[in-house]
Amino acid sequence: QVQLVESGGGLVQPGGSLRLSCAASGNMFSIYDMGWYRQAPGKERELVAVMPTGGRANYADSVKGRFTISRDNPKRSVYLQMNSLKPEDTAVYYCKAEIQIQYRARYWGQGTQVTVSS
């Protein structure tokens, strides 16, 4: 079965940086879109950044110019470099991937906590 495992979350001060990583494991035929979502307490899960296969990245307006998404397809991994972090970035960050085994479907990681506080 496919698993998505995130790492790199933690506690940082405002203005600091973190780099999140997500690696896909298990049997799969193809990996398509990979990206990151986040969910803060009392709020719905929202898109942060998505990197299509061979395409241009898409970012939420709130993170443009501060966050950068990248992929390493041979390693089946996606990364999120987060700079100039703000308290409002505090959330659980989830890795998302569209993966084909027999059929194309969306998979989610279990999430990693990012807390921005002084």
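See the structure above.
Scope of this entry: the structure provided in the associated data block. As the structure is a computational prediction, the values presented were derived from the model and not from experiment. (Residues numbered from 1 in each chain as written. Predicted model: local features only at pLDDT ≥ 70, side-chain atom pairs only at ≥ 80, totals over all residues. Heavy atoms only, no water.)

All right, on to the packing of aromatic side chains then. Applying the stated rule across the entire model yields one aromatic pair. The ring centre of Y79 lies 4.2 Å from the NZ or CZ of R19, which sits over that ring. One Lys or Arg, R45, reaches over the ring of W108 and ends 4.6 Å from the middle of that ring. (Phe/Tyr/Trp six-rings, centres within 6.5 Å; stacked < 30°, edge-to-face > 60°. Lys NZ or Arg CZ within 6 Å of the ring centre and 35° of its normal.)

Let us now look at the state of the cysteines. Where two cysteines share a covalent bond between their sulfur atoms, that bond is called a disulfide. Evaluation of the coordinates by the stated rule reveals one disulfide. C22 shares a disulfide with C95; S-S distance 2.0 Å. Taking the sign of the torsion about the S-S bond as the criterion, the disulfide between C22 and C95, at about -80°, is left-handed. Of this pair, C22 sits in strand β3 (residues 18-25) while C95 sits in strand β9 (residues 91-100), placing them 73 residues apart in sequence. Here C22 and C95 have matching classes, each one buried. (Disulfide = S-S within 2.5 Å. Helix = DSSP H or I, 4+ residues; strand = E, 2+ residues; numbered from the N terminus. Buried < 20%, exposed > 50% of the residue type's maximum accessible area, 1.4 Å probe, protein only.)

Before going further, it helps to examine the sheet that holds β3. Judged by pairing direction, the sheet is antiparallel, and its four strands sit side by side in the order β1-β3-β8-β7 without closing on themselves. Every other strand in the sheet has two partners, leaving β1 (3-7) and β7 (67-72) as the edge strands with one partner each. Going from strand to strand, the sheet's axes swing by 15° on average, the running direction of each strand aside. (Pairing = 2+ DSSP bridges. Axes fitted to C-alpha atoms, helices over the stretch in contact; angles between N-to-C directions.)

It is worth spelling out the side chain of R38 at this point. By the element assignment, R38 lies in strand β4 (residues 30-39). We classify R38 as buried; its relative accessible area is 6%. Reaching out from R38, the side chain makes a polar contact with the side chain of S62 at a distance of 3.4 Å. Setting aside residues no more than four positions away along its own chain, R38 makes contact with E44, R45, E46, V48, S62, V63, F67, E88, D89, A91, V92 and Y93. (Polar contact = N/O pair within 3.5 Å; in protein donor to acceptor, adjacent residues only side chain to side chain. Contact = heavy atoms within 4.5 Å.)

Another point: the environment of R76. Here R76 lies in the loop between β7 and β8 (77-82). Between the C-alpha atom of R76 and that of S25, which follows or precedes it by 51 residues, the distance is 7.7 Å.

Only one face of β1 is buried: it carries L4 and E6, and the other face, with Q3, V5 and S7, is open. Where β1 lies against β3, five bridges are found, and the strand directions are antiparallel. Note that in β3 the partner of L4 across the bridge is A24.

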